[in-house]
Amino acid sequence: MQHILTGVLGRFIRQGRLTMMLPDGSTVQLGPPGEAGSAPLAGMHLRTGNAVRRLMLDPALAFGELFMDGELEPLDCTIHDLLRLLTLNQAIAGDPGLGWGLDKLRRLLRRAVQLNPAGRSKRNVAHHYDLNGQLYAFFLDEDRQYSCAYFRTGRESLEEAQRDKKRHIAAKLRLDRPGLEVLDIGCGWGGMALTLARDHGAQVTGITLSEEQLAHARARAEAAGLQDRVKFELMDYRAWDRPVDRIVSVGMVEHVGINHFATYFGTIARHLREDGVALVHGIGRSDGPGATNPWIAKYIFPGGYSPALSEVLPAVEKAGLWATDIEILRLHYARTLAEWRARFLQHREEIKALYDERFCRMFEMYLSGSEFAFRHGGHMNWQIQLARRVDALPLTRDYMLEEEQATAQPRIATRA
């Protein structure tokens, strides 16, 4: 079986060089002859026959599990180096053909897997977001923005890029007067809601299904003295029941599930006032509908799916909303993930003390694999501005830039 595996991978590696050590200690060099110089180089040691068999049958799930369990080890490189080589070649050559039957089955079953009623949604959120809060303090920015940052030049620090992300989104919400009521769906640890209240004079309600995030967000509002402008609730978006002026939802649509896009955008449409504006920021894919990687679905984001715009826009249309602006952020999340990974590695020993080595390997796999999904795998972020009325916003986008420039230094808005 190992000869079949090396044969398949030998045809798959078209750029760079992969050194593979097999369970019997023998090594093979895979890749085009004479490949050197700037081409990526990496090595992989399969320590057991089980590792060979599992990679043959189901590489999409097995690769990450084998790395977590130590049956697959990077050879004279890091897991980041190994994933760079493999994902680059996947972008060039396509899937190597291993485990194609399971991949096809997963795509057929994706609606069943992504069925996310309220109870299951809360369990899915708890799986990732109710981890020890100190973990996220180690690798996120000081505001705990756990979504794509916005790098205006590419030279910004993570903190600067996350502040610019919030400013960019606030400009698209057109918070043109104090006291506007804003609903933040999937509010995380509260950074966006607090910013909109403090710097733009909005009255904000943030909703989340994570008890860990809820407690942290409420504590932040109290510490900032913003309890009269911001409140946070443990609530599913489907339970919201009153109209608001603005709706913002950042990094939430990936947790909705393909079956629920009509409900999600329908909720936005029903509860947005007639002249209201909404901004939805999510992870998408440039190559059309697909299926969530099974390792990511099992260990990182159960029930999650990053949709193509072709899957989202029909739900927007059905809800009766205008898509008044669409922006594609291409490599911004790759840069964000690279920053997170660097900080994670700086604190790896502390994180290992919180959890264990297997958890650290899982998170390294997640951060590196996600970065390369944006660099090589066709993933990107999209932002869709939505309105109920065709005339709810100015004729051109100039107001967005003007607002961003005006708020380059945070201001304290006067109350109405």
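Residues numbered from 1 in each chain as written. Predicted model: local features only at pLDDT ≥ 70, side-chain atom pairs only at ≥ 80, totals over all residues. Heavy atoms only, no water.

A.B. asks: Just to check I follow, could you spell out the side chain of Lys166 for this structure?
C.D. replies: Structurally, Lys166 can be placed in helix α9 (residues 158-173). With a relative accessible area of 7%, Lys166 lands in the buried category. Within the structure, the side chain of Lys166 is placed 2.8 Å from the side chain of Asp143, a separation counted as a polar contact. Beyond its immediate chain neighbours, meaning those up to four positions away, Lys166 contacts Asp143, Gln145, Gly191, Met192 and Thr195. (Helix = DSSP H or I, 4+ residues; strand = E, 2+ residues; numbered from the N terminus. Buried < 20%, exposed > 50% of the residue type's maximum accessible area, 1.4 Å probe, protein only. Polar contact = N/O pair within 3.5 Å; in protein donor to acceptor, adjacent residues only side chain to side chain. Contact = heavy atoms within 4.5 Å.)

A.B. asks: What is the right way to look at the environment of Asp130 in this model?
C.D. replies: Examined against the element boundaries, Asp130 turns out to sit in the loop between α7 (118-129) and α8 (133-139). A relative accessible area of 27% places Asp130 in the partly exposed class. Taking the C-alpha atoms as reference, Asp130 lies 30 Å from Pro74; in sequence the two are 56 residues apart. Setting aside residues no more than four positions away along its own chain, Asp130 makes contact with Val125, Ser210, Glu211, Glu212 and Gln213.

A.B. asks: Looking at this structure, how should I read the environment of Gln405?
C.D. replies: Tracing the backbone through its elements, the reader meets Gln405 in helix α18 (residues 398-406). With relative accessibility at 55%, the residue Gln405 sits in the exposed group. Along the sequence, Gln405 and Lys104 sit 301 residues apart, while their C-alpha atoms lie 48 Å from each other.

A.B. asks: Explain the confidence of the model for the chain to me, please; I cannot follow it from the model alone.
C.D. replies: One rule of thumb: low pLDDT means the predicted coordinates there are not for detailed reading. On average, residues of the chain carry a pLDDT of 92, and 95% of them reach 70 or more. Under a pLDDT of 50 for its full length, residues 410-416 has, in the predicted model, 16 contacts with residues more than four places off or in other chains. (pLDDT = per-residue confidence, 0-100.)

A.B. asks: In this structure, what is going on with the sheet that holds strand β3 (residues 41-46)? I would like to understand it.
C.D. replies: Backbone hydrogen bonds hold the strands of a sheet together, and the pairing may be parallel or antiparallel. With mixed pairing, four strands are arranged side by side in an open sheet as β2-β1-β3-β4. Among the strands making up the open sheet, the edge pair consists of β2 (27-30) and β4 (72-74). Each adjacent strand pair in this sheet contributes to an overall mean axis angle of 20°, direction not counted. Where strand β1 (residues 17-21) meets β2, four bridges bridge the pair, whose relative direction is antiparallel. Bridged to Met21 within β2 is Thr27. Contacting β1, β3 and β4, helix α4 (residues 79-93) crosses the sheet at an angle of about 105° to β3. (Pairing = 2+ DSSP bridges. Axes fitted to C-alpha atoms, helices over the stretch in contact; angles between N-to-C directions.)

A.B. asks: Sorry, what's going on with the pattern of salt bridges here?
C.D. replies: Two side chains that carry opposite charge are able to pair once their charged atoms sit near each other. Following the criterion strictly, the structure yields 30 salt bridges and no others. As a salt-bridge pair, Glu181 and Arg242 come within 2.8 Å of each other at their nearest N and O atoms. Residue Glu181 is located in strand β5 (residues 181-185), and its partner Arg242 is located in the loop between β7 (230-234) and β8 (244-250); the two are separated by 61 residues in the primary sequence. Since its relative accessible area comes to 29%, Arg242 is described here as partly exposed. (Salt bridge = Lys/Arg side-chain N within 4 Å of Asp/Glu carboxyl O.)

A.B. asks: How should the packing of aromatic side chains be read in this particular structure?
C.D. replies: Each aromatic ring pair is specified by the distance between its two centres and by the angle formed by the two planes. In total, this model carries 19 aromatic pairs according to the counting rule given. When the ring of Tyr136 is compared with that of Phe139, the centres are 5.8 Å apart and the planes differ by 45°; the resulting orientation is tilted. Of this pair, Tyr136 and Phe139 are both found in helix α8, three residues apart, which corresponds to roughly one turn of the helix. You can call Phe139 buried: its relative accessible area is 0%. (Phe/Tyr/Trp six-rings, centres within 6.5 Å; stacked < 30°, edge-to-face > 60°.)

A.B. asks: Which parts of the structure should I look at to understand the nonpolar core?
C.D. replies: One recurring pattern in soluble globular proteins: nonpolar side chains tend to sit buried together. Counting residues in hydrophobic clusters, the biggest one holds 68 residues, and the most contacted among them are Phe63, Tyr146, Trp295 and Phe363. It is helix α17 (residues 357-375) that contributes the most residues to this core, nine residues altogether. Ranked by size, the runner-up nonpolar core spans 29 residues in total, among them Phe261, Ala278, Val280 and Tyr305. (Core = buried A, V, L, I, M, F, W, Y, C linked by side-chain atoms within 4.5 Å.)

A.B. asks: Quick question: what am I supposed to make of α4 here?
C.D. replies: Working note: α-helix, 3.6 residues per turn, so residues spaced by three or four point in the same direction. Here α4 contains 15 residues, and its C-alpha end-to-end distance of 21 Å stays within 8% of the 21 Å for a straight helix at 1.5 Å per residue. Listed as buried for α4 are Ile79, His80, Leu82, Leu83, Leu85, Leu86, Thr87, Leu88 and Asn89. Just downstream of α4 lies Gly94, where phi reads positive at about 80°. (Expected span 1.5 Å × (residues − 1).)

A.B. asks: Just to check I follow, could you spell out helix α1 (residues 2-12) for this structure?
C.D. replies: Looking at α1, one finds that the buried residues are Gln2, Leu5, Thr6, Val8, Leu9 and Phe12. Projected down its long axis, α1 carries its buried residues within an arc of 160°, all on one side. With respect to the buried face of α1, the exposed residues turned more than 90 degrees away are His3 and Arg11. Where α1 is buried, its residues meet β1, β2, β3, α2 (49-57) and α4. (Arc of directions from axis to C-beta.)

A.B. asks: Can you walk me through the packing of helix α15 (residues 332-346) against α17 in this structure?
C.D. replies: The N-to-C vectors of α15 and α17 enclose an angle of 160°; their axes lie 8 Å apart at closest approach. Taken together, α15 and α17 sit at an angle that is classed as roughly antiparallel. Our pair here, α15 against α17, has a crossing hand that is left-handed. The residues of α17 that touch α15, namely those facing Tyr333, Ala334, Arg335, Leu337, Ala338, Trp340, Arg341, Phe344 and Leu345, are Cys360, Phe363, Glu364, Leu367, Ser368, Ser370, Glu371, Phe374 and Arg375. The residue makeup of the contact of α15 with α17, split by class, is eleven nonpolar, two polar and five charged. (Parallel < 35°, antiparallel > 145°, perpendicular 65-115°, else oblique. Left-handed = near helix turned anticlockwise from the far one by under 90°. Nonpolar A, V, L, I, M, F, W, Y, C, P; charged D, E, K, R; others polar.)

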